[in-house]
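# Overview (structure and organization)
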Amino acid sequence: MGKLANLLFKEEREKEIRYILSIDGGGMRGIIPAYVISRLDELLKEKGIRRPLYSFFDLVAGTSTGALLALGLTAPGGTGNLIKEEAEPYPVYTTEKKGLFRRPESRFEGYIMPSTAPSSLLDIYLRHGERIFPKSVLSVFNQIFQQKYDIRPFETFLSEYLGDARLDSLLVPTIAVSYDPIRTRPFLFKSYESHGFLMREAARASTAAPLYFPPYHTKDRESGDELTLSDGGLVANNPAMIAYIEAKKLYPEADEFHILSLSTCKRAFSFDPGKTAGGAAPWLMNITKIYSNAQESLVSDEIRNMSDVSYLRIHSPISEKRIALDDTSKESIMTLLEGGKRAYDAKKDEIALFVDEMTGKKGFDNIRLSETSGSLPLISHNY
């Protein structure tokens, strides 16, 4: 009778869709994705949805300034100096159909916990930008021989911002991309394979932009390897492809991956070597811009051709003026805020559709749930 019942009441498998948030690098230009994230959160609230924004994503990945945002968004509320969401823990129930007549039964799974208030992520730049990038006293000549900025103010900021929170306490799978120039390969800080790293260590390594900050020297607590790590933008300023590859490993049964990719809206850099006098000088002056632009374009072009990927890229060049990653002037900050608004508005309808689909997502195996609505240690929930 059991086999007959299974045949009679066999339910067709629902398509498994996973949602990914990918955030580019770009220093102070992180104002733009931070603004878009705040608008996404507003959109949820307008729809009357109480679940926190982070909980709808199956993976969040960031490079450099994008890593700061990824870590902040998925950190448990109250981490370091992060501002906690003003929301109650959200109870999760799952429904299973049991018995011969497939009657639905509900089961309590745990609580989705508040994280950082998404709107507060803008404070990283608006309140702390000048701490991270203080006015440099080095001459142009001296910058040839040493980093532009003293790393100590930034490390102090990271200690305050993220405290001593462990990478494995992040509430959904999260990646911060860095680069190992000695082993010539990406080094990914993963919440689900944390190797004992702290969040601030991941942030420090991912943001170690050459010429601006020194590399980060650390030790892998699991393998014992000595590591020298630099900014993730050297290998993947747009981390969408890395996020996709990692999501395929995390969710091998998934049918589709819907990726929301947040750019820092740099204007494409066009370089015609035929219009130069030749030699090394023109290339040396422009090679980093050429490389970064080429990498971002390649990722977007290739990932759109993946048969199981839907890719929404929020990118809109914001001004003729090129805003450096360490530009903390009020004029540039206002330009970046306005650029974030324009970038969001340009894809407003597509974003709304993405959010509608995302909020219809079933299942909670991506989320680290809490046993109680209080502040007891979190328990792992299928990741």
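Before reading further, recall that the structure is shown in the block above.
On to unusual backbone geometry, then. Phi angles above zero are rare outside glycine, and His195 is one such case at about 55 degrees. Along the polypeptide, His195 turns up in the loop between β6 (185-190) and α7 (199-206). Phi is positive for Leu211, which is not a glycine, with a value near 80 degrees. Within the element layout of this structure, Leu211 appears in the loop between α7 and β7 (216-219).

The next thing to look at is the environment of Pro317. On the secondary structure map, Pro317 appears in the loop between β10 (309-314) and α11 (330-346). When the C-alpha positions of Pro317 and Ser263 are compared, they lie 9.6 Å apart, and in sequence the two are 54 residues distant.

Attention now moves to the packing of helix α2 (residues 31-46) against α11. Contact pair α2 / α11: the axes reach a minimum separation of 8 Å and the direction vectors enclose 50 degrees. In terms of orientation, α2 and α11 fall into the oblique class. Between α2 and α11 lies a crossing of right-handed hand. On α11, the residues touching Ile31, Ile32, Tyr35, Val36, Arg39, Leu40 and Leu43 of α2 are Ile333, Leu336, Leu337, Gly339, Gly340, Lys341, Tyr344 and Asp345. When grouped by side-chain class, the residues that make up the contact of α2 with α11 number 10 nonpolar, two polar and three charged.

Turning our attention to the pattern of salt bridges. Evaluation of the coordinates by the stated rule reveals 23 salt bridges. With a closest N to O distance of 2.9 Å, Arg18 and Asp365 form a salt bridge. In this pair, Arg18 is assigned in strand β1 (residues 17-23) and Asp365 in the segment after α12 (348-359), connecting sequence segments 347 residues apart. Taking relative accessible area as the criterion, Arg18 reaches 7% and is therefore assigned buried. With a relative accessible area of 25%, Asp365 lands in the partly exposed category. A salt bridge links Lys249 to Glu246; the shortest N-O distance between them is 3.1 Å.

Calculation criteria
- Each residue is numbered by its place in its chain's sequence as written, counting from 1.
- The model is predicted, so local features are restricted to residues of pLDDT at least 70 and side-chain atom pairs to those at 80 or more, both for listing and for counting; the totals for chains, interfaces and linings are taken over all residues.
- In computing side-chain properties, one takes all heavy atoms of the structure into account and sets aside hydrogens as well as water.
- Helix numbering and strand numbering both begin at the N terminus, where a helix is a DSSP run of H or I of at least 4 residues and a strand a DSSP run of E of at least 2.
- Every axis in this analysis is a line fitted to C-alpha atoms, fitted for helices over the stretch in contact. Angles between the N-to-C directions lie between 0 and 180 degrees.
- An angle counts as roughly parallel when it lies under 35 degrees, as roughly antiparallel when it exceeds 145, as roughly perpendicular when it falls between 65 and 115, and as oblique in every other case.
- Should the near helix be turned anticlockwise from the far one by less than a right angle, the crossing is left-handed, and should it be turned clockwise, the crossing is right-handed.
- Throughout, a contact is declared for two residues whenever any of their heavy atoms are within 4.5 Å.
- Gly falls in the polar group here, along with every residue not listed as nonpolar (Ala, Val, Leu, Ile, Met, Phe, Trp, Tyr, Cys, Pro) or charged (Asp, Glu, Lys, Arg).
- Salt bridges are counted wherever a side-chain nitrogen of Lys or Arg sits within 4 Å of a carboxyl oxygen of Asp or Glu.
- Accessible area is worked out with a 1.4 Å probe on protein chains only. A residue is then buried under 20% of its type maximum, exposed over 50%, and partly exposed in between.

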